[in-house]
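Structural features, examined
Spelled out from the first residue to the last, the chains are:
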Amino acid sequence: MNEQTPHAPSRRQVLGTAAAGAVLGVGAVGVPPAQAAGPGTAPRRQGSTMAGVPFERRSTVRVGVVGFGNRGSGMIAHFLAHPWVRVTAVCDPVRAKAERAAAKVVAAGRPAPAVYANGEDDYENLCARSDVDLVYVATPWDSHFAIARAALLNGKHVGVECPVAMRLDELWDLVSLSERTRRHCMQLENCCYGRNEMRVLRMAHAGKFGRLLHGAGAYNHDLRGLMFSPSYYEGPWRRLWHTRLKGDLYPNHGIGPVANYLDVNRGDRVVSISSFGTPALGLAEYREENVPAGDPSWKESYIASDRTVSLLQTALGRVIRLEHDVSTPHPYSRINSLGGTRGVFEDYPARIYLEPDHKDDEWGDFSAYAAEFDHWLWKEHANPPGGHGGMDYLMVYRLMQCMRLGLPPDFDVYDAATWTAPLPLSHASIKAGGAPQEIPDFTRGEWRRARPGVDSVKPA
(Lines give C-alpha, C1' and ligand atoms only; values in the text may rest on other atoms or scores of the structure.)
Protein backbone atom coordinates (compact mmCIF):
# COMPACT_ATOMS: atom_id res chain seq x y z
CA MET A 1 0.00 0.00 0.00
CA ASN A 2 1.15 3.51 -0.74
CA GLU A 3 1.47 6.03 2.05
CA GLN A 4 -1.18 8.75 1.66
CA THR A 5 -0.24 12.17 2.93
CA PRO A 6 -2.62 14.56 4.73
CA HIS A 7 -5.08 16.83 2.94
CA ALA A 8 -4.19 20.46 2.36
CA PRO A 9 -5.63 23.07 4.72
CA SER A 10 -9.11 24.21 3.79
CA ARG A 11 -9.85 27.43 1.96
CA ARG A 12 -11.04 29.13 5.14
CA GLN A 13 -7.68 28.34 6.76
CA VAL A 14 -5.65 30.11 4.10
CA LEU A 15 -7.81 32.98 2.89
CA GLY A 16 -7.65 36.59 3.82
CA THR A 17 -5.75 36.80 7.08
CA ALA A 18 -2.21 37.46 8.13
CA ALA A 19 -2.59 34.65 10.64
CA ALA A 20 -2.98 32.19 7.80
CA GLY A 21 0.40 33.15 6.44
CA ALA A 22 1.96 32.64 9.86
CA VAL A 23 0.27 29.33 10.58
CA LEU A 24 1.19 27.88 7.21
CA GLY A 25 4.77 29.06 7.35
CA VAL A 26 7.94 27.10 7.96
CA GLY A 27 7.15 23.44 8.40
CA ALA A 28 3.71 24.09 9.86
CA VAL A 29 1.71 22.11 7.33
CA GLY A 30 3.69 18.91 7.78
CA VAL A 31 4.04 16.51 4.88
CA PRO A 32 2.94 18.09 1.56
CA PRO A 33 -0.43 16.96 0.19
CA ALA A 34 0.82 14.68 -2.58
CA GLN A 35 0.95 10.98 -3.25
CA ALA A 36 4.28 9.86 -1.82
CA ALA A 37 4.81 6.85 -4.05
CA GLY A 38 3.41 5.16 -7.13
CA PRO A 39 -0.31 5.03 -7.85
CA GLY A 40 -0.87 1.44 -6.77
CA THR A 41 -3.90 -0.58 -7.75
CA ALA A 42 -6.79 1.14 -9.47
CA PRO A 43 -10.01 1.19 -7.43
CA ARG A 44 -12.77 -1.15 -8.50
CA ARG A 45 -15.01 0.37 -11.14
CA GLN A 46 -18.48 1.11 -9.80
CA GLY A 47 -20.07 2.02 -13.13
CA SER A 48 -19.31 1.87 -16.83
CA THR A 49 -16.98 4.09 -18.81
CA MET A 50 -17.78 7.73 -19.46
CA ALA A 51 -15.68 7.81 -22.62
CA GLY A 52 -17.85 8.97 -25.49
CA VAL A 53 -20.98 9.32 -23.36
CA PRO A 54 -23.14 12.20 -24.68
CA PHE A 55 -24.80 14.86 -22.59
CA GLU A 56 -28.56 14.82 -22.32
CA ARG A 57 -29.95 17.06 -25.06
CA ARG A 58 -31.67 20.20 -23.74
CA SER A 59 -33.00 23.45 -25.15
CA THR A 60 -31.63 25.56 -22.28
CA VAL A 61 -28.40 24.91 -20.39
CA ARG A 62 -28.64 25.92 -16.73
CA VAL A 63 -25.38 26.79 -14.99
CA GLY A 64 -24.42 27.38 -11.38
CA VAL A 65 -21.16 29.29 -10.92
CA VAL A 66 -19.00 28.86 -7.80
CA GLY A 67 -16.19 31.34 -7.17
CA PHE A 68 -15.90 34.99 -8.21
CA GLY A 69 -12.28 35.91 -7.91
CA ASN A 70 -10.48 37.14 -11.01
CA ARG A 71 -11.26 34.04 -13.06
CA GLY A 72 -14.90 33.50 -12.20
CA SER A 73 -15.74 37.20 -12.44
CA GLY A 74 -14.36 37.31 -15.97
CA MET A 75 -15.76 34.01 -17.19
CA ILE A 76 -19.42 34.59 -16.31
CA ALA A 77 -19.75 36.90 -19.33
CA HIS A 78 -19.04 33.96 -21.66
CA PHE A 79 -21.97 31.99 -20.23
CA LEU A 80 -24.22 35.05 -20.55
CA ALA A 81 -23.20 35.55 -24.20
CA HIS A 82 -25.60 32.83 -25.36
CA PRO A 83 -29.39 33.26 -25.14
CA TRP A 84 -29.88 29.52 -24.57
CA VAL A 85 -27.72 29.53 -21.42
CA ARG A 86 -29.10 30.58 -18.04
CA VAL A 87 -26.99 31.26 -14.97
CA THR A 88 -29.45 30.13 -12.32
CA ALA A 89 -27.24 30.32 -9.21
CA VAL A 90 -24.03 31.98 -8.07
CA CYS A 91 -21.88 31.28 -5.01
CA ASP A 92 -18.99 32.91 -3.20
CA PRO A 93 -18.30 33.16 0.55
CA VAL A 94 -17.66 36.87 0.02
CA ARG A 95 -21.24 38.08 -0.35
CA ALA A 96 -20.33 41.25 -2.20
CA LYS A 97 -18.66 39.20 -4.95
CA ALA A 98 -21.63 36.90 -5.31
CA GLU A 99 -24.03 39.85 -5.46
CA ARG A 100 -21.92 41.61 -8.11
CA ALA A 101 -22.08 38.45 -10.18
CA ALA A 102 -25.85 38.27 -9.76
CA ALA A 103 -26.11 41.90 -10.90
CA LYS A 104 -24.21 40.99 -14.10
CA VAL A 105 -26.77 38.31 -14.83
CA VAL A 106 -29.64 40.74 -14.39
CA ALA A 107 -27.86 43.39 -16.46
CA ALA A 108 -27.66 40.85 -19.30
CA GLY A 109 -31.46 40.66 -19.29
CA ARG A 110 -31.72 37.29 -17.55
CA PRO A 111 -33.70 36.33 -14.46
CA ALA A 112 -31.90 37.02 -11.19
CA PRO A 113 -29.96 33.98 -10.02
CA ALA A 114 -30.10 32.53 -6.54
CA VAL A 115 -27.22 33.80 -4.38
CA TYR A 116 -25.28 31.51 -2.05
CA ALA A 117 -22.90 33.34 0.29
CA ASN A 118 -23.45 31.81 3.70
CA GLY A 119 -19.99 30.52 4.48
CA GLU A 120 -17.40 28.31 2.86
CA ASP A 121 -19.70 25.32 2.31
CA ASP A 122 -22.74 27.02 0.78
CA TYR A 123 -21.75 25.59 -2.60
CA GLU A 124 -23.35 22.36 -1.36
CA ASN A 125 -26.74 24.05 -1.42
CA LEU A 126 -26.12 25.35 -4.94
CA CYS A 127 -25.21 21.83 -6.08
CA ALA A 128 -28.45 20.48 -4.62
CA ARG A 129 -30.67 22.75 -6.74
CA SER A 130 -32.94 21.13 -9.30
CA ASP A 131 -32.44 23.92 -11.87
CA VAL A 132 -28.67 23.46 -12.36
CA ASP A 133 -27.31 21.23 -15.13
CA LEU A 134 -23.63 22.18 -14.86
CA VAL A 135 -21.61 23.48 -11.93
CA TYR A 136 -18.69 25.69 -13.03
CA VAL A 137 -15.90 25.88 -10.43
CA ALA A 138 -13.46 28.81 -10.33
CA THR A 139 -12.23 28.75 -6.73
CA PRO A 140 -8.79 28.31 -5.11
CA TRP A 141 -7.20 24.98 -5.91
CA ASP A 142 -7.62 23.30 -2.54
CA SER A 143 -11.42 23.46 -2.86
CA HIS A 144 -11.75 22.09 -6.40
CA PHE A 145 -12.08 18.44 -5.44
CA ALA A 146 -14.69 18.98 -2.73
CA ILE A 147 -16.90 21.13 -4.96
CA ALA A 148 -16.60 18.77 -7.93
CA ARG A 149 -17.45 15.85 -5.67
CA ALA A 150 -20.52 17.64 -4.31
CA ALA A 151 -21.70 18.44 -7.82
CA LEU A 152 -21.40 14.84 -9.01
CA LEU A 153 -23.10 13.44 -5.92
CA ASN A 154 -26.00 15.81 -6.57
CA GLY A 155 -26.35 14.59 -10.14
CA LYS A 156 -24.74 17.59 -11.83
CA HIS A 157 -22.14 17.76 -14.55
CA VAL A 158 -19.14 19.79 -13.42
CA GLY A 159 -16.44 21.81 -15.14
CA VAL A 160 -13.43 22.74 -13.03
CA GLU A 161 -10.67 25.26 -13.60
CA CYS A 162 -7.10 23.96 -13.43
CA PRO A 163 -6.11 21.81 -11.64
CA VAL A 164 -9.10 19.54 -11.05
CA ALA A 165 -7.62 18.23 -7.76
CA MET A 166 -4.32 18.21 -5.88
CA ARG A 167 -3.92 14.53 -4.97
CA LEU A 168 -3.81 11.27 -6.84
CA ASP A 169 -6.47 9.61 -4.70
CA GLU A 170 -8.78 12.56 -5.36
CA LEU A 171 -8.33 12.09 -9.09
CA TRP A 172 -9.35 8.44 -8.78
CA ASP A 173 -12.33 9.47 -6.65
CA LEU A 174 -13.54 11.85 -9.37
CA VAL A 175 -13.13 9.15 -12.03
CA SER A 176 -15.14 6.69 -9.96
CA LEU A 177 -17.82 9.25 -9.11
CA SER A 178 -18.22 10.29 -12.74
CA GLU A 179 -18.67 6.66 -13.77
CA ARG A 180 -21.07 5.91 -10.92
CA THR A 181 -23.24 9.01 -11.23
CA ARG A 182 -23.16 9.07 -15.07
CA ARG A 183 -22.22 12.74 -14.98
CA HIS A 184 -19.26 14.33 -16.68
CA CYS A 185 -16.41 15.90 -14.70
CA MET A 186 -14.24 18.02 -16.99
CA GLN A 187 -10.99 19.89 -16.58
CA LEU A 188 -11.74 23.17 -18.36
CA GLU A 189 -8.40 23.52 -20.11
CA ASN A 190 -8.79 26.68 -22.18
CA CYS A 191 -5.42 26.37 -23.95
CA CYS A 192 -6.81 23.40 -25.88
CA TYR A 193 -8.95 25.97 -27.72
CA GLY A 194 -6.13 28.32 -28.72
CA ARG A 195 -6.01 29.01 -32.44
CA ASN A 196 -2.44 27.73 -32.85
CA GLU A 197 -3.14 24.66 -30.75
CA MET A 198 -6.24 23.74 -32.74
CA ARG A 199 -4.48 24.27 -36.05
CA VAL A 200 -1.55 22.07 -35.01
CA LEU A 201 -4.02 19.44 -33.81
CA ARG A 202 -5.77 19.27 -37.16
CA MET A 203 -2.44 19.20 -39.02
CA ALA A 204 -1.24 16.36 -36.82
CA HIS A 205 -4.38 14.34 -37.48
CA ALA A 206 -4.04 15.03 -41.21
CA GLY A 207 -0.56 13.49 -41.15
CA LYS A 208 1.37 16.69 -41.89
CA PHE A 209 3.95 15.88 -39.21
CA GLY A 210 4.26 12.24 -40.29
CA ARG A 211 4.44 9.72 -37.48
CA LEU A 212 4.39 11.66 -34.23
CA LEU A 213 7.39 11.35 -31.92
CA HIS A 214 7.47 14.07 -29.28
CA GLY A 215 5.77 17.18 -27.93
CA ALA A 216 6.39 19.80 -25.28
CA GLY A 217 4.30 22.19 -23.24
CA ALA A 218 4.78 24.52 -20.31
CA TYR A 219 3.46 27.12 -17.96
CA ASN A 220 6.36 29.55 -17.82
CA HIS A 221 4.79 32.75 -16.54
CA ASP A 222 6.38 35.28 -14.19
CA LEU A 223 3.79 35.51 -11.39
CA ARG A 224 5.99 36.91 -8.63
CA GLY A 225 4.30 40.30 -8.51
CA LEU A 226 0.80 38.80 -8.55
CA MET A 227 1.57 36.22 -5.88
CA PHE A 228 2.78 38.91 -3.49
CA SER A 229 0.03 41.36 -4.43
CA PRO A 230 -2.29 42.15 -1.50
CA SER A 231 -5.30 42.33 -3.81
CA TYR A 232 -4.89 40.12 -6.92
CA TYR A 233 -5.55 36.81 -5.15
CA GLU A 234 -7.94 36.58 -2.22
CA GLY A 235 -5.34 35.83 0.42
CA PRO A 236 -2.05 33.98 0.02
CA TRP A 237 -3.48 30.63 -1.10
CA ARG A 238 -1.60 30.34 -4.38
CA ARG A 239 1.76 31.42 -2.97
CA LEU A 240 1.37 29.00 -0.08
CA TRP A 241 1.43 26.04 -2.43
CA HIS A 242 5.08 26.95 -3.00
CA THR A 243 5.68 26.09 0.67
CA ARG A 244 4.21 22.58 0.24
CA LEU A 245 5.14 21.00 -3.08
CA LYS A 246 8.40 20.78 -5.01
CA GLY A 247 6.93 19.78 -8.36
CA ASP A 248 4.94 21.16 -11.29
CA LEU A 249 2.04 23.04 -9.69
CA TYR A 250 0.22 23.80 -12.95
CA PRO A 251 0.83 21.12 -15.61
CA ASN A 252 -2.53 21.39 -17.37
CA HIS A 253 -1.80 24.21 -19.83
CA GLY A 254 1.28 22.36 -21.01
CA ILE A 255 0.04 18.80 -21.23
CA GLY A 256 -3.53 19.40 -22.43
CA PRO A 257 -2.79 20.49 -26.01
CA VAL A 258 0.08 18.02 -26.44
CA ALA A 259 -2.08 15.17 -25.14
CA ASN A 260 -4.60 16.11 -27.83
CA TYR A 261 -1.94 16.06 -30.55
CA LEU A 262 -0.80 12.59 -29.48
CA ASP A 263 -4.33 11.21 -28.94
CA VAL A 264 -3.62 10.48 -25.29
CA ASN A 265 -6.55 8.43 -23.91
CA ARG A 266 -7.69 7.97 -27.52
CA GLY A 267 -5.12 5.55 -28.92
CA ASP A 268 -2.13 6.22 -26.67
CA ARG A 269 -1.62 6.96 -22.99
CA VAL A 270 1.05 8.39 -20.71
CA VAL A 271 2.61 5.68 -18.55
CA SER A 272 5.38 7.34 -16.50
CA ILE A 273 6.85 10.68 -15.45
CA SER A 274 10.36 11.64 -14.35
CA SER A 275 10.77 15.14 -12.94
CA PHE A 276 13.68 17.32 -11.95
CA GLY A 277 13.66 20.66 -10.19
CA THR A 278 16.00 23.56 -9.54
CA PRO A 279 16.54 25.14 -6.12
CA ALA A 280 13.72 27.35 -4.84
CA LEU A 281 15.29 30.82 -4.86
CA GLY A 282 13.14 33.17 -6.93
CA LEU A 283 10.26 33.95 -4.58
CA ALA A 284 12.52 34.57 -1.58
CA GLU A 285 14.74 36.91 -3.61
CA TYR A 286 11.71 38.79 -4.93
CA ARG A 287 10.33 39.12 -1.39
CA GLU A 288 13.63 40.48 -0.12
CA GLU A 289 13.70 43.17 -2.80
CA ASN A 290 10.01 44.10 -2.94
CA VAL A 291 8.11 43.12 0.21
CA PRO A 292 8.34 45.23 3.39
CA ALA A 293 9.57 43.72 6.64
CA GLY A 294 6.73 42.55 8.82
CA ASP A 295 4.62 41.25 5.93
CA PRO A 296 3.18 37.81 6.82
CA SER A 297 4.99 36.28 3.83
CA TRP A 298 8.29 36.62 5.71
CA LYS A 299 7.21 33.65 7.84
CA GLU A 300 7.02 31.43 4.73
CA SER A 301 9.76 29.10 3.47
CA TYR A 302 9.49 28.17 -0.20
CA ILE A 303 10.34 24.68 -1.42
CA ALA A 304 8.76 24.62 -4.89
CA SER A 305 11.41 24.35 -7.59
CA ASP A 306 11.78 27.57 -9.51
CA ARG A 307 11.78 25.52 -12.69
CA THR A 308 10.63 21.94 -13.04
CA VAL A 309 11.30 19.83 -16.10
CA SER A 310 9.38 16.59 -16.51
CA LEU A 311 9.67 13.87 -19.12
CA LEU A 312 6.60 11.72 -19.74
CA GLN A 313 6.71 8.45 -21.68
CA THR A 314 3.71 7.13 -23.57
CA ALA A 315 2.64 3.58 -24.25
CA LEU A 316 3.64 4.01 -27.91
CA GLY A 317 7.11 5.24 -26.93
CA ARG A 318 6.59 8.95 -27.53
CA VAL A 319 8.04 11.57 -25.21
CA ILE A 320 6.36 14.67 -23.73
CA ARG A 321 8.40 17.39 -22.03
CA LEU A 322 6.68 19.63 -19.49
CA GLU A 323 8.08 22.75 -17.82
CA HIS A 324 6.81 24.97 -15.02
CA ASP A 325 8.30 28.27 -13.83
CA VAL A 326 6.35 31.09 -12.19
CA SER A 327 9.12 32.30 -9.87
CA THR A 328 11.77 33.82 -12.13
CA PRO A 329 11.80 36.64 -14.71
CA HIS A 330 11.18 35.57 -18.29
CA PRO A 331 8.68 36.20 -21.10
CA TYR A 332 5.47 34.16 -21.09
CA SER A 333 5.66 30.83 -22.89
CA ARG A 334 3.71 27.60 -23.07
CA ILE A 335 6.37 26.18 -25.47
CA ASN A 336 3.68 24.26 -27.41
CA SER A 337 5.75 22.14 -29.77
CA LEU A 338 5.15 18.96 -31.75
CA GLY A 339 7.56 16.86 -33.77
CA GLY A 340 7.27 13.87 -36.06
CA THR A 341 9.03 12.09 -38.88
CA ARG A 342 8.05 14.83 -41.37
CA GLY A 343 8.81 17.96 -39.38
CA VAL A 344 8.23 20.09 -36.31
CA PHE A 345 6.20 23.02 -34.98
CA GLU A 346 7.42 25.34 -32.24
CA ASP A 347 5.49 28.22 -30.68
CA TYR A 348 6.52 31.49 -28.98
CA PRO A 349 6.98 32.64 -31.69
CA ALA A 350 5.04 30.30 -33.98
CA ARG A 351 7.23 28.65 -36.60
CA ILE A 352 7.12 25.43 -38.56
CA TYR A 353 9.37 23.20 -40.64
CA LEU A 354 7.79 20.41 -42.68
CA GLU A 355 8.94 18.22 -45.54
CA PRO A 356 8.45 18.75 -48.41
CA ASP A 357 7.08 22.27 -47.78
CA HIS A 358 10.27 23.77 -46.36
CA LYS A 359 13.98 23.39 -47.05
CA ASP A 360 17.44 24.81 -46.39
CA ASP A 361 16.96 24.59 -42.62
CA GLU A 362 14.77 27.71 -42.58
CA TRP A 363 11.56 27.99 -40.61
CA GLY A 364 8.35 28.37 -42.59
CA ASP A 365 5.32 30.61 -42.16
CA PHE A 366 2.80 28.92 -39.89
CA SER A 367 0.03 31.31 -40.96
CA ALA A 368 0.20 29.81 -44.44
CA TYR A 369 -1.68 26.79 -43.08
CA ALA A 370 -4.58 28.77 -41.62
CA ALA A 371 -7.00 28.51 -44.53
CA GLU A 372 -6.75 24.74 -44.79
CA PHE A 373 -6.25 23.72 -41.17
CA ASP A 374 -7.86 26.26 -38.86
CA HIS A 375 -10.47 24.50 -36.74
CA TRP A 376 -14.10 25.17 -37.63
CA LEU A 377 -14.56 26.94 -34.29
CA TRP A 378 -12.00 29.55 -35.32
CA LYS A 379 -13.55 29.90 -38.76
CA GLU A 380 -17.02 30.31 -37.28
CA HIS A 381 -15.77 32.74 -34.59
CA ALA A 382 -12.99 34.63 -36.33
CA ASN A 383 -12.61 37.23 -33.57
CA PRO A 384 -13.91 35.66 -30.37
CA PRO A 385 -14.35 38.03 -27.45
CA GLY A 386 -12.80 37.79 -24.02
CA GLY A 387 -9.45 37.03 -22.49
CA HIS A 388 -6.56 34.83 -23.53
CA GLY A 389 -7.01 35.62 -27.20
CA GLY A 390 -10.56 34.28 -27.35
CA MET A 391 -9.84 30.76 -26.17
CA ASP A 392 -11.90 31.27 -22.99
CA TYR A 393 -14.97 32.17 -25.02
CA LEU A 394 -14.54 29.22 -27.39
CA MET A 395 -14.11 26.78 -24.52
CA VAL A 396 -17.37 27.90 -22.91
CA TYR A 397 -19.20 28.09 -26.24
CA ARG A 398 -18.17 24.58 -27.22
CA LEU A 399 -19.09 23.07 -23.85
CA MET A 400 -22.49 24.78 -23.89
CA GLN A 401 -23.01 23.65 -27.47
CA CYS A 402 -22.25 20.03 -26.59
CA MET A 403 -24.67 20.17 -23.68
CA ARG A 404 -27.42 21.80 -25.71
CA LEU A 405 -27.13 19.40 -28.68
CA GLY A 406 -26.57 16.24 -26.63
CA LEU A 407 -23.01 15.58 -27.83
CA PRO A 408 -20.12 13.99 -25.90
CA PRO A 409 -17.79 16.59 -24.38
CA ASP A 410 -14.49 17.24 -26.13
CA PHE A 411 -12.67 15.97 -23.02
CA ASP A 412 -13.82 14.01 -20.00
CA VAL A 413 -12.91 12.89 -16.50
CA TYR A 414 -10.12 10.65 -17.81
CA ASP A 415 -8.47 13.63 -19.46
CA ALA A 416 -8.97 15.70 -16.30
CA ALA A 417 -7.21 13.08 -14.20
CA THR A 418 -4.43 12.45 -16.72
CA TRP A 419 -3.65 16.14 -17.25
CA THR A 420 -3.54 16.76 -13.50
CA ALA A 421 -1.61 13.65 -12.42
CA PRO A 422 1.78 15.29 -13.17
CA LEU A 423 1.12 17.69 -10.28
CA PRO A 424 1.43 15.20 -7.39
CA LEU A 425 3.64 12.77 -9.32
CA SER A 426 6.24 15.38 -10.28
CA HIS A 427 6.57 16.23 -6.59
CA ALA A 428 7.06 12.54 -5.77
CA SER A 429 9.62 12.13 -8.56
CA ILE A 430 11.68 15.16 -7.51
CA LYS A 431 11.69 13.95 -3.92
CA ALA A 432 12.92 10.58 -5.20
CA GLY A 433 15.79 12.13 -7.16
CA GLY A 434 14.00 12.01 -10.51
CA ALA A 435 12.92 8.39 -10.21
CA PRO A 436 10.11 7.55 -12.65
CA GLN A 437 6.58 7.49 -11.22
CA GLU A 438 3.86 5.38 -12.76
CA ILE A 439 0.96 7.35 -14.23
CA PRO A 440 -2.28 5.41 -13.72
CA ASP A 441 -4.46 4.29 -16.57
CA PHE A 442 -7.51 6.20 -15.44
CA THR A 443 -9.41 4.86 -18.47
CA ARG A 444 -8.92 1.23 -17.35
CA GLY A 445 -7.95 0.15 -20.85
CA GLU A 446 -10.38 2.38 -22.75
CA TRP A 447 -7.42 4.40 -24.12
CA ARG A 448 -6.82 1.73 -26.77
CA ARG A 449 -10.02 2.76 -28.55
CA ALA A 450 -9.74 5.69 -30.95
CA ARG A 451 -12.49 8.26 -30.41
CA PRO A 452 -13.12 11.94 -31.10
CA GLY A 453 -11.80 14.72 -28.93
CA VAL A 454 -11.11 18.41 -29.41
CA ASP A 455 -10.60 17.84 -33.14
CA SER A 456 -14.36 17.67 -33.48
CA VAL A 457 -16.67 17.71 -36.47
CA LYS A 458 -18.85 20.81 -36.79
CA PRO A 459 -22.41 19.90 -35.74
CA ALA A 460 -25.04 20.00 -38.45
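The rules behind the values
- Residues numbered from 1 in each chain as written.
- Predicted model: local features only at pLDDT ≥ 70, side-chain atom pairs only at ≥ 80, totals over all residues.
- Heavy atoms only, no water.
- UniProt positions renumbered as here; feature names shortened; annotations may be inferred.
- Helix = DSSP H or I, 4+ residues; strand = E, 2+ residues; numbered from the N terminus.
- Phe/Tyr/Trp six-rings, centres within 6.5 Å; stacked < 30°, edge-to-face > 60°.
- Buried < 20%, exposed > 50% of the residue type's maximum accessible area, 1.4 Å probe, protein only.
- Lys NZ or Arg CZ within 6 Å of the ring centre and 35° of its normal.
- Lys, Arg positive; Asp, Glu negative; His and termini not counted.
- Salt bridge = Lys/Arg side-chain N within 4 Å of Asp/Glu carboxyl O.
- Polar contact = N/O pair within 3.5 Å; in protein donor to acceptor, adjacent residues only side chain to side chain.
- Contact = heavy atoms within 4.5 Å.
- pLDDT = per-residue confidence, 0-100.
- Pairing = 2+ DSSP bridges.
- Axes fitted to C-alpha atoms, helices over the stretch in contact; angles between N-to-C directions.
- Parallel < 35°, antiparallel > 145°, perpendicular 65-115°, else oblique.
- Nonpolar A, V, L, I, M, F, W, Y, C, P; charged D, E, K, R; others polar.

Going by an unreviewed UniProt entry, the protein carries the name Glycosyl hydrolase family 109 protein and comes from Streptomyces exfoliatus. What UniProt records for the protein under Sequence similarities (unreviewed entry) is the sentence "Belongs to the Gfo/Idh/MocA family. Glycosyl hydrolase 109 subfamily."

**A few points about the UniProt feature "domain: Gfo/Idh/MocA-like oxidoreductase N-terminal" (unreviewed entry) in the protein**
Following the UniProt record, one finds the feature "domain: Gfo/Idh/MocA-like oxidoreductase N-terminal" (unreviewed entry) at residues 61–185. Spanning residues 61–185, this segment combines 42% helix with 20% strand, and its end C-alpha atoms are found 16 Å apart.

**Here we look at the packing of aromatic side chains**
This model, assessed by the stated rule, comprises 15 aromatic pairs. Between F79 and Y136, the ring centres sit 5.2 Å apart and the planes meet at 50 degrees, which makes this aromatic pair tilted. Of the two residues, F79 is situated in helix α3 (residues 70–80) and Y136 in strand β4 (residues 134–137); the sequence distance between them amounts to 57 residues. The same class applies to F79 and to Y136, which are both buried. Three or more aromatic residues joined by ring pairs make a cluster, and in this case those are W141, Y219, Y232, Y233, W237, Y250, Y332 and Y348. Here the guanidinium or amino end of R244 rests over the ring plane of W241, the centre of that ring lying 4.6 Å away.

**Looking at the side chain of D441**
Take D441: it is sitting in the segment after β14 (437–438). Here D441 occupies a buried position and makes no salt bridge, while the nearest side chain of opposite charge, R269, is found at 4.3 Å. Only 2.6 Å separates the side chain of D441 from the backbone nitrogen of G445, close enough to count as a polar contact. Excluding residues within four positions of it along the chain, D441 makes contact with W172, R269 and W447.

**Observations concerning the confidence of the model for the protein**
Within the protein, residue pLDDT values average 91, and 91% of them lie at 70 or more. Contacts for the low-pLDDT stretch residues 1–39, under 50 throughout, to residues beyond four places or in other chains number 95 contacts.

**Notes on the sheet that holds β4**
The strand order across the open sheet built from six strands is β3-β2-β1-β4-β5-β6, with neighbouring strands paired in parallel fashion. Unpaired on one side and paired on the other, β3 (114–116) and β6 (185–187) mark the two borders of the sheet. In this sheet, adjacent strand axes meet at a mean angle of 25 degrees when their direction is disregarded. In this sheet, β4 lies alongside strand β1 (residues 61–66) in parallel orientation, the contact comprising four bridges. Looking at the pairing, V66 lines up with V137 of β4. Strand contacts of α3: β1, β2 (85–91) and β4, with the helix running at about 155 degrees to β2, the strand carrying the most contacts.

**Considering the packing of helix α16 (residues 413–420) against helix α17 (residues 422–431)**
Direction vectors running N to C along α16 and α17 enclose 25 degrees, while the axes themselves pass 6 Å from each other. When the axes of α16 and α17 are compared, the pair comes out roughly parallel. Along its contact with α16, which presents T418, W419 and T420, the element α17 presents P422, L423 and P424. When the residues that make up the contact of α16 with α17 are grouped by side-chain class, the tally is four nonpolar, two polar and no charged.

**Focus: the environment of A432**
With respect to the element layout, A432 can be found in the loop between α17 and β14. Considering only alpha carbons, one finds A432 and F276, 156 residues apart in sequence, at a separation of 9.6 Å.

**Describing the pairing of strand β11 (residues 337–340)**
Every second residue of β11 is oriented toward a common face, with S337 and G339 on one face and L338 and G340 on the other, all of them buried. In this structure, β11 lies alongside strand β12 (residues 343–346), joined through three bridges in antiparallel fashion. Across the sheet, the residue bridging to G339 is V344, located in β12. Two successive antiparallel strands, β11 and β12, enclose a turn made up of two residues.

**A few points about the pairing of strand β13 (residues 351–354)**
Residues I352 and L354 line the buried face of β13, whereas the alternating positions R351 and Y353 sit on a face that is not buried. As judged from the four bridges shared by β12 and β13, these two strands associate in the antiparallel manner. Paired with G343 across the bridge in β13 is L354. Between β12 and β13, which pair antiparallel one after the other, the connecting turn spans four residues, and Y348 there sits at a positive phi close to 60 degrees.

**Topic: the sheet that holds β13**
The eight strands lie next to each other as β13-β12-β11-β7-β10-β9-β8-β14, forming an open sheet whose pairing is mixed. Looking at the sheet topology across the chains shown, the edges are occupied by β13 and β14. As paired elements, strand β8 (residues 270–277) and β14 share two bridges and run antiparallel to each other. Within the sheet, the bridge partner assigned to S272 lies in β14 and is E438.

**Some points on helix α6 (residues 144–153)**
With respect to burial, α6 is a largely interior element, seven of its ten residues being buried. Three or more residues of α6 are buried, namely H144, F145, I147, A148, A150, A151 and L152. Directly beyond the C-terminal end of α6, a positive phi value near 75 degrees is found at G155.

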